[in-house]
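Chain by chain, the residues run as shown.
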Amino acid sequence: MVSMLDRKLGRDLWRLRGQAITIALVVACGIGGFIATHSTHDSLTRARDRFYESAHFPHLFADLKRAPDAITHTIGRIAGIAQFQTRVVQDVQMDLPGVIQPLSGRIISLPPDNSGMGRLTLRKGQWILREGSDQVLVNERFAQARGLEPGDTLQVLLNGKRQALTVAGIVLSAEYIYATRGGGLPDDEWFAVLWMDAKRLAAAFNMEGGFNSLLVRLEPAASEAAVVRALDRVLEPYGGRGASTRSEQISHKIVSQEIEQQRVNGTILPSIFLAVAVFILNVVLHRQVAAQREQIAALKALGYDDRSIVLHYLKLVAVIVFAGIVLGIALGQWLGHYMTRMYTAFFHFPQFRHQTLPWVIVASAGAALGAAALGTVQAIRRVVTLPPAQAMRPPAPPAYRPALLERMGLSHWTTPAVRMIVRNIERRPVRAAFTVLGIAGSVAILVSGTFWRDAVDYFMDVQFQRAQPGMIYLSFVEPLGPEVLSEVARLPGVVRAEAYRSLAVRLRHGHLTYRAAISGLPAGARLQRAIDVDRGEQAIPPAGLLMNARLARKLDVRAGDRVWIEVLEGKRAVRQVQVSVVFDELVGLNAYMDAAALDRLAAEGPRYNIAALTVDAARRDELLARIKTLPRVSAGIVKASLLESFRSTTARNLLFFTGVLTLFAATIAVGIVYNSARISLAERAWELASLRVLGLTRGEVSALFLGELALMLAAGIPLGFLLGYALAALIVALTHVEAFKIPLVILPRTYAYAGLTVVAAGVLSALIVRHRIDRLDLVAVLKTRE
Amino acid sequence: MSAPSRDEAIFVGRKLTKVYRTGEQLVHALRGVDLEIYRGELLVLLGPSGSGKSTLLNILGGLDVPSSGEARWGEHDIGAADEARRTRFRREHVGFVFQFYNLIPSLTARENVALVTEIAARPMPAQEALRRVGLAERMDHFPSQLSGGEQQRVAIARAIAKRPEVLLCDEPTGALDYETGKLVLKVIADVNADLGTTAVVITHNAVIAAMANRVLRLADGLIASIEINAERADIETLRW
Ligand SMILES: Nc1ncnc2c1ncn2[C@@H]1O[C@H](COP(=O)(O)OP(=O)(O)O)[C@@H](O)[C@H]1O
Ligand SMILES: [Mg+2]
């Protein structure tokens, strides 16, 4: 049989259903967000780790010019290397029918029977069957972006010779979970990774009996740094560019950055949701308990003990929180699935399933239940410990006093209505503060959750309009002499051409080293510039190094210090050079030098391996067609296409996230505003009804009542802007990504969006409450004392 | 109906005082009250507002504790008992009726009564309790659907359903009109007569006193007088 207290519970819940539902929804948002982001983070991490394991993902990667197979004996003797594998990697230009832009391909020699490191996963078609054949395997990203199927053919410029290659199969590689030529932008439409029979590839590039790429797996206890040093010594005579670790491997870097961001987003925002949910729950409970003070006293007078009364209210809360938890788990699973699916467009894993670890559910549900229980016990203890005789006496009539404004002598500025509103707020300053804080919290969630758009726009503007304003960027298969500049300038439609040298070096300062590329920029370069975050364009000093702060920190260098530069190509000079300027750049660990100074350092005379062009739009297609035929161009990047594809992929995701966050924040705002309105309505029904009896209209009474809410919204929203900024700063600070700093740029549009969303939520809540004010039953309200 | 026996006091109060502290101020609600309450009697407490009636009643019912003095129920000093024992005492022996009924608004009349029968040792069925107060017909109504007098009768039903030894009523008619108040008082008198439940009724209306066995007058925290009614008036004839 259901006990009477439980019936009371059921009926109280029904009576409070509006409030119960809004609270449960807020709890659901907190739990759903927490579960979704955590499970996505977990799923991503697991998919990556599993893939790495099954593919024997290497620990070290080394590129070199060409080494004979004979030196593998020397490599095998390096202590700490568990396994290594040599291969040939070549960047080439490609062509697909109907594609105007140049396409880049990276051809990699396929190890015999797909063994060892860099093992591929076949998704479609078949492995290359015949030795020496013109068949290739294509990475799935490119194949999908271009709709390639096994049996299709590609035109590839193999060492200057156009060659038709047939797609045998479509594969995944752990090295190209994310594939990009370097910029970090999605590049799948223009960048293909191809695997080819080793013998055929070697023959095409005169690499028989040699290799130019090395993969290494370390023994568990091996020192990464020691192995890198030993490898570099062995490979140096063969044009070694210095071995790099996983942390420098571009796909790994981008996947790991994303995982890191999920981790931060998955902890901070959902924790705020949960905290806000718990907070609302507490406020509502305190008021519920206060409103039921005399009922509680009656129960005690009837002989119910404290424990059963506390338990009764705990149950009330448990039902609400439980509903929120169940809803939250469902929401979290759905969102998590969706986000995981979204990531499959970015990252290609052989197995990528959304999975929620039990602890994530248990932890979030536990936090919600625990916090709610704590709040309940706190709220109710005050009333329960009150001797029943005292609880039975109605609480002393609220003591009003002239509000601060009036005490300051400003009363003649205000109408009686405003005075009532202000006094009401002042009478319960803590409660008003809580409500204001709750409103601010939902604004802050919106601001900090949607400022990404501004940050990305800012980033794109600095990187692609100011630092690299060129329209087409070319990279060459190897550094070329000064004549290349005039050749490029003569290409059809070229308006302006610049050429630069990017020199692979190892920088050394004390015991710290870093493998970097120094960009040589000629005086007056306009299409490739160093941009300081605060000061704009940074002039290149005529002598010495210009280094960005991130790299300087890595090497513990200050302006004026001298660093060792070991050139990793050509003459391999080793020089000590002064760091003339350290500046604040948005992205990367970059160093710049005057072009002439860099040429002196390289000791090869003027050489260029990158060119930047601005072009006459009318002749663009003609130019692109020409570029495709240039044998010494390994990649031609059309900036606009790249940005376009980036915008279209991110726009969809940003829209989704903005939508979800808006819903969450609006739910929270409604939860706060609606609940505080309902509770004050319950407390003040008598007062409002009396005003109606005195002859005030519904509109006037509503204005009196809702004016209070409006005032709190007006206070909460600006506070939310501040909190949102602080929260965004916290997220930025907690996201540990070495290569860049998320710019903390929040545009007015983001504040406006957050503010308006919360105002809309407030208005919606007010309308619902207004409906109740209009229906106040005057006689009934005045009959009861409460 | 057997006349209440002179010698069997179920409550004995000795030198009861109660001091409330509100901020700096001390309020002496009771200044040393000695009293006995006899089994089966109907005792009316009279006195002006603020004279300490509620305080005394609450101490007797174990809702509150005295600042000093003794409040004995049989062998037990309930004034000195802890909260748990006082809760048990209330649950087992006392039925309360308050001026504002203090019904649980979300429970029907029957359920409000069941609230008590559930935790009582040998209760009467909720229906019977409601029948006694003349509300058998309105059992499934919520408090908001009942008039003030009906609500107070539900409160009385709730108080008597556990068959308490004593019924403590604090201004049960204070919020009611004349006719309704009379009906409520009749119900209390009937319970006292039919079930033999000792009843203590607070009022500030002297006319009610006529129906009591004894009338105890409080003034300023002290007992001003005790009158014994040789002949109790019938409730129907009372006028006030
Ligand atoms: N909880 C309390 N705090 C402070 N003063 C109280 C409290 N309860 C009662 N009093 C004071 O004690 C005195 C007696 O109160 P009460 O017993 O309620 O009087 P009565 O019921 O006779 O009207 C009054 O002056 C009242 O203000
Ligand atoms: Mg009183």
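Along each chain, residues carry numbers from 1 onward, in the same order as the chain's sequence is written. Note on labels: chains are lettered from A, ligands numbered from 1, in written order. Residues qualify for local features only when their pLDDT is at least 70, as the model is predicted, and side-chain atom pairs are given and counted only at 80 or more; totals for whole chains, interfaces and linings, by contrast, use all residues. Side-chain descriptors were evaluated using all non-hydrogen atoms of the structure, hydrogens and water having been removed beforehand.

1. Considerations on the interface of chain B and chain A
- Contacts: residue pairs with any heavy atoms within 4.5 Å of one another. Chain B puts 26 residues into the contact, and the matching count from chain A is 25 residues.
- For the chain B and chain A pair, buried surface summed over both sides reaches about 2,300 Å², with 61% attributable to carbon and sulfur atoms.
- By definition here, a salt bridge exists when the distance from a side-chain nitrogen of Lys or Arg to a carboxyl oxygen of Asp or Glu is within 4 Å. Between chain B and chain A we count two salt bridges in total.
- A salt bridge links Glu111(B) to Arg11(A), with the shortest nitrogen-to-oxygen separation between them at 2.4 Å.
- Any pair of nitrogen or oxygen atoms within 3.5 Å is treated as a polar contact; in protein, a donor-acceptor pairing is required on top of that, and neighbouring residues in sequence qualify only through side-chain atoms on both sides. The interface formed by chain B and chain A holds six residue pairs in polar contact (both at pLDDT 80 or more) in total.
- Every element with two or more residues in the side of chain B that touches chain A is listed here: helix H2 (83-93) and helix H3 (109-117) of chain B.
- As a working rule, the residues Ala, Val, Leu, Ile, Met, Phe, Trp, Tyr, Cys and Pro are called nonpolar, Asp, Glu, Lys and Arg charged, and the rest polar, with Gly in that last group. Residue classes in the side of chain B that touches chain A are distributed as 13 nonpolar, five polar and eight charged. The buried area of a pairing is the accessible area, by a 1.4 Å probe, that goes missing from both parts when the two are put together, added over both. To qualify as a helix, a DSSP run of H or I must reach at least 4 residues; to qualify as a strand, a run of E must reach at least 2; elements of each kind are numbered from the N terminus.

2. Here's the deal with the packing of aromatic side chains
- Aromatic contacts are taken between Phe, Tyr and Trp rings whose centres are within 6.5 Å, Trp giving its six-membered ring; a plane angle under 30 degrees counts as stacked, one over 60 as edge-to-face, and the others as tilted. On inspection of all chains with the given rule, the structure shows 18 aromatic pairs over all chains.
- When the ring of Phe51(A) is compared with that of Phe349(A), the centres are 6.4 Å apart and the planes differ by 75°; the resulting orientation is edge-to-face. Placement of Phe51(A) in helix H2 (residues 17-55) and of Phe349(A) in the loop between helix H9 (306-346) and helix H10 (358-385) is noted, with a sequence separation of 298 residues between them.
- Exposure classes here rest on a 1.4 Å probe applied to the protein chains alone. A residue is buried below 20% of its type maximum, exposed above 50%, and partly exposed in between. The class for Phe51(A) is buried, based on a relative accessible area of 1%.
- Using a relative accessible area of 4% as the deciding quantity, one classes Phe349(A) as buried.
- Taken together, a centroid distance of 5.5 Å and an interplanar angle of 5° make the contact between Phe96(B) and Phe98(B) stacked. Just as Phe96(B) is buried, Phe98(B) falls in that class too.
- Charge-over-ring placement is defined geometrically: NZ (Lys) or CZ (Arg) within 6 Å of the ring centre, and within 35 degrees of the ring normal. Lying over the aromatic face of Trp14(A), Arg17(A) brings its terminal NZ or CZ to 4.1 Å of the ring centre.
- We note Arg141(A) situated over the ring of Tyr178(A); from NZ or CZ to the ring centre the distance is 5.2 Å.

3. Brief notes about the sheet that holds strand S4 (residues 68-73) of chain B
Residue and element names in this part refer to chain B.
- Strands sit in the order S2-S1-S4-S5 across an open sheet of four strands; the sheet is antiparallel. A strand with exactly one partner marks an edge of an open sheet, and here the two such strands are strand S2 (25-38) and strand S5 (76-77).
- Bridge count between S4 and S5: two bridges; the pairing is antiparallel. Of the residues in S5, the one forming a bridge with Trp73 is His76.
- A fitted line through C-alpha atoms represents every axis, and for helices the fit uses only the stretch in contact; the resulting angles, taken between N-to-C directions, go from 0 to 180 degrees. Contacting strand S1 (9-22), S2 and S4, helix H1 (residues 53-60) runs over the sheet at an angle of about 60° to S2. When DSSP finds two or more bridges between a pair of strands, those strands are recorded as paired.

4. Let's talk about the nonpolar core
- Met94(A), Val138(A), Phe142(A), Leu154(A), Val156(A) and Leu194(A) are the most contacted members of the largest nonpolar core, which has 91 residues in total.
- Counting residues in each nonpolar core, the second largest holds 40 residues, with Ile23(A), Phe34(A), Leu274(A) and Val384(A) among its members. We define a nonpolar core as any set of buried Ala, Val, Leu, Ile, Met, Phe, Trp, Tyr and Cys residues linked to one another through side-chain atoms lying within 4.5 Å.

5. Digging into the packing of H2(A) against H10(A)
All names here are of chain A.
- Interhelical geometry of H2 versus H10 gives an angle of 155° and a closest axis separation of 10 Å. The pairing of H2 with H10 is recorded here as roughly antiparallel in orientation. As H2 packs across H10, the resulting crossing turns out to be right-handed. For the pair H2 and H10, contact is made by Val27, Ile31, Phe34, Ile35, His38 and Asp42 and by Trp359, Val360, Ile361, Ser364, Ala365 and Ala368, respectively. Each angle is binned into one of four classes, with values under 35 degrees roughly parallel, values over 145 roughly antiparallel, values of 65 to 115 roughly perpendicular, and all other values oblique. Take the far helix as the reference: if the near one is turned anticlockwise from it by less than a right angle, the crossing is left-handed, and if turned clockwise, right-handed.

6. A look at the environment of Gly40(B)
All names here are of chain B.
- With respect to the helices and strands, the residue Gly40 is situated in the loop between S2 and strand S3 (42-46).
- Judged by relative accessible area, which is 17%, Gly40 ranks as buried.
- C-alpha of Gly40 to C-alpha of Leu195: the two residues are 155 residues apart in sequence and 8.8 Å apart in space.

7. Here we look at the domain arrangement of chain A
Residue and element names in this part refer to chain A.
- Assigned domains of chain A: these are domain 1 (1-60 + 250-395), domain 2 (89-199), domain 3 (428-467 + 640-786) and domain 4 (494-615).
- In this complex, domain 2 contributes seven residues to the contact, which on the side of domain 3 involves eight residues.
- Taken over both partners, the interface formed by domain 2 and domain 3 buries close to 580 Å², and the fraction arising from carbon and sulfur atoms is 75%.
- The largest per-residue losses of area from domain 2 upon contact with domain 3 belong to Leu185, Pro186 and Trp190, which jointly make up 78% of the total buried on that side.
- At the boundary of domain 2 with domain 3, the tally comes to zero salt bridges.
- The interface formed by domain 2 and domain 3 contains one residue pair in polar contact (both at pLDDT 80 or more).
- Broken down by class, the residue content of the side of domain 2 that touches domain 3 amounts to three nonpolar, one polar and three charged. Domain start and stop points were drawn from an automatic or database domain assignment.

8. Quick look at unusual backbone geometry
- Phi angles above zero are rare outside glycine, and Asp556(A) is one such case at about 55°.
- Within the secondary structure, Asp556(A) sits in the loop between helix H17 (549-555) and strand S18 (562-567).
- On the accessibility criterion, Asp556(A) (41% relative accessible area) is partly exposed.
- We note that Glu171(B) has phi near 45°; this positive angle belongs to a residue other than glycine.
- With respect to the helices and strands, Glu171(B) occurs in the loop between strand S7 (166-170) and helix H6 (178-195).
- Owing to a relative accessible area of 14%, Glu171(B) belongs among the buried residues under this scheme.

9. Re helix H19 (residues 620-627) of chain A
Residue and element names in this part refer to chain A.
- What H19 keeps buried is the set Leu623, Leu624 and Ile627. The buried residues of H19 occupy an angular sector of 100° when projected down its axis, which confines them to one face.
- Looking at the buried positions of H19, the neighbouring elements they touch are strand S3 (89-95), strand S12 (472-480), strand S13 (494-509), strand S21 (608-615) and strand S22 (633-638). Note: the arc covers the axis-to-C-beta directions of the helix.

10. Digging into the confidence of the model for chain A
All names here are of chain A.
- Confidence scores labelled pLDDT are given residue by residue by the predictor and lie between 0 and 100. Looking at chain A, the pLDDT average stands at 84 and 91% of residues meet or exceed 70.
- At the level of individual helices and strands, chain A shows its lowest average pLDDT in helix H23 (residues 778-783), which scores 52, and its highest in strand S20 (residues 591-594), which scores 94.
- A low-confidence stretch, residues 782-786 (pLDDT under 50), is modelled with 12 contacts involving residues beyond four sequence positions or located in other chains.

11. So, the sheet that holds S7(B)
All names here are of chain B.
- Spatially, six strands are ordered S6-S7-S8-S3-S9-S10 in an open sheet, and the strand pairing comes out mixed. Only two strands of the sheet have a single partner each, and these edge strands are strand S6 (94-97) and strand S10 (222-228). Recorded for the sheet is a direction-independent mean angle of 15° between the axes of neighbouring strands.
- Summarising the sheet, S3 and strand S9 (residues 214-219) pair through four bridges and their orientation is parallel. Bridge assignment links Leu45 to a residue of S9, and that residue is Leu216.
- Docked against the sheet, H1 engages S3, S7, strand S8 (198-202) and S9, running at close to 155° with respect to S7.
- Of the strands in this sheet, S3, S7 and S8 are in contact with H6, which crosses S8 at around 155°.

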